Amino acid sequence: MTDIDGLRVAVVLPCYNEEAAIAATIAGFRAALPSATIYVFDNNSSDATVQIARAAGAVVRGERQQGKGHVVRRMFADVDADVYVMADGDLTYDPKAAPAMVAMLVADQLDMVVGTRQHEVTDAYRGGHVLGNKLFTGLLSGLFGRSFSDIFSGYRVFSRRFVKSFPVLSAGFEIETEISVHALELRMPVSEMATSYGARPEGSASKLSTYRDGWRILKTIGTLYRIERPVLFYGSVGALILVAALLLAVPLVLTYLDTGLVPRVPTAILITGMTIVAVLCFFAGLILDTVTRGRREMRRRARFPRRVGAGQGTVRLIRRQHGATARARQPARSGEASARRGRRRRPQRGSCHPLHHMFAHRSHGVHTMPRARGTVKRPPAYQADDHDAFT
C-alpha cells in the first residue's frame, strides 16, 4: 500500500449490485486520492459488480453474510491502513471531499470525520427519509446527550485506532447508528464536514427498506441505550412500575383509613409484587452500570495499543538470558535436591511399608475393608510378601 504524506490511506467501498455506478465511484476516489488503495467489498452481488470493479483497478474482496454491518466488520478486520475512507459504491457521495476530510482528521488528530449530506437534487432522498433522519437524530441526541447532525451518513473517515477498537455488532443498515453511539460513548474526538449528496445514476436502486430498516434502527438505538445507560434504562422501567403500583395503592389506602380493612387482598399482593420488581430494577441498573463502566474502560484502553519500545525490549532480552542461565543450572540443583530427598522419599506402591496394604483394596478394585486379623483379601494375581499379615 502506497503512502500519502507518510500515511497509508485506504478507501473501502461496500457494494451490493452496483454495476451501474461502481466504475465511476472508483475513478472518482482515484482522482481525489491518487496514492490511496481502493477496496471493494462485494456482498453477494448478482450482477457484474465484481468484474467491473476489478477492471477498474480496485482490490475486490467478498463477504458471504448478507448485510452492510457484516461487510463493515470484514472491511475493518481485513484492511490495514492508517486512515480509512468509507463510502458507498453508488456514486451518491462526492469523492472530491475526501482529501479535505482526510486533512481534517490528520490535522486535528481526530478519530472520525462524518460527511454530512447536503442534497441539492430532489431525487437524492426518498420520500420520508429526511424526516426520519431528523427524528432519529433528535432521539439519539435526547438519549445520549449529544449527537451528529446526520447519523445515517455512510461517508466517513476513520483513524486506525477507531477501526481496530470498534466491535461491530450490527448486521444491516443500523451500522451507522452503532458507529455514532460508539464514538459518543467513548467521547472520541470527532468532527463533521458538509459534503454534497447526489442522486443515484440510471440503473442503480436503493437497497434501504423504509419501514423494515427503520424498525431495525429503532431497536438498535433501544438496545444500545439499554447497554450503555443501564441506570437510566432500568431506572425508568422501575419508576414506571412503581408509579403504577402507587396508583393502584391509593384506593386501598383510602379504604383502609376509612374502615380499617383491606377488602381487595389480591390487589394488595399485586402492589407488593410490583414494588419489589421496581426495587430490583433499580438495583439491576446500578449493578449493570458497574459492568458497563468496566467495559467502557477496556474499550478506551483498546484504542491505545501498547508498543514494545527499546526499554521493554531490553527487559525482555534480560529475562530471556536469565531464564537460559536458570535452565542451565537446573540439572545440578535438581540432582542435589534429589540426593537430599532420597532418604525421606515416600514409599511407592509395592514397597514394604506396613500401612501400604491397608489401602490395597482401593487400587485393585476390591471394595472389602481389611480384616482385623488375618490377611487382606486381594485378587488372585496379587503377589503376597512378608508384610501381608496383621496381628
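Heads up: these notes are all about the structure in this document. It should be emphasised that the depicted structure is a prediction, and the values quoted were computed from it without experimental measurement.

Thoughts on the packing of helix 7 (residues 175-185) against helix 8 (residues 210-228)
The N-to-C vectors of helix 7 and helix 8 enclose an angle of 25°; their axes lie 10 Å apart at closest approach. When the interaxial angle is binned, helix 7 and helix 8 end up roughly parallel. The crossing of helix 7 and helix 8 is right-handed. From helix 7, Thr-177, Glu-178, Val-181 and Glu-185 reach across to helix 8, where they touch Ile-217, Ile-221, Leu-224 and Glu-228. When grouped by side-chain class, the residues that make up the contact of helix 7 with helix 8 number 4 nonpolar, 1 polar and 3 charged.

A short note on the pattern of salt bridges
Summed over the entire model, instances satisfying the criterion amount to 11 salt bridges. The closest approach of N and O atoms between Arg-216 and Glu-174, which form a salt bridge, is 3.3 Å. Pair noted here: Arg-216 is in helix 8 and Glu-174 is in the loop between helix 6 (160-165) and helix 7, with a separation of 42 residues, a long-range link. What makes Arg-216 partly exposed here is its relative accessible area of 28%. Where Arg-229 meets Glu-185, a salt bridge forms, and the shortest distance between an N and an O atom there is 3.0 Å. Linking Arg-229 in the loop between helix 8 and helix 9 (230-259) with Glu-185 in helix 7, this pair joins segments that are 44 residues apart in sequence. The exposure class of Arg-229 is partly exposed, given its relative accessible area of 22%.

Some remarks on unusual backbone geometry
Its identity as a non-glycine residue notwithstanding, Asn-17 has a phi of 55°, on the positive side. Along the chain, Asn-17 turns up in the loop between strand 2 (7-15) and helix 1 (22-32). Of note in the backbone geometry, Asn-44 takes a positive phi value of approximately 65° without being a glycine. Checked against the element boundaries, Asn-44 lands in the loop between strand 3 (37-42) and helix 2 (49-55).

Cut-offs used in this document
Residues numbered from 1 in each chain as written. Predicted model: local features only at pLDDT ≥ 70, side-chain atom pairs only at ≥ 80, totals over all residues. Heavy atoms only, no water. Axes fitted to C-alpha atoms, helices over the stretch in contact; angles between N-to-C directions. Helix = DSSP H or I, 4+ residues; strand = E, 2+ residues; numbered from the N terminus. Parallel < 35°, antiparallel > 145°, perpendicular 65-115°, else oblique. Left-handed = near helix turned anticlockwise from the far one by under 90°. Contact = heavy atoms within 4.5 Å. Nonpolar A, V, L, I, M, F, W, Y, C, P; charged D, E, K, R; others polar. Salt bridge = Lys/Arg side-chain N within 4 Å of Asp/Glu carboxyl O. Buried < 20%, exposed > 50% of the residue type's maximum accessible area, 1.4 Å probe, protein only.

These results come straight from atomic positions and should not be treated as a statement about function.
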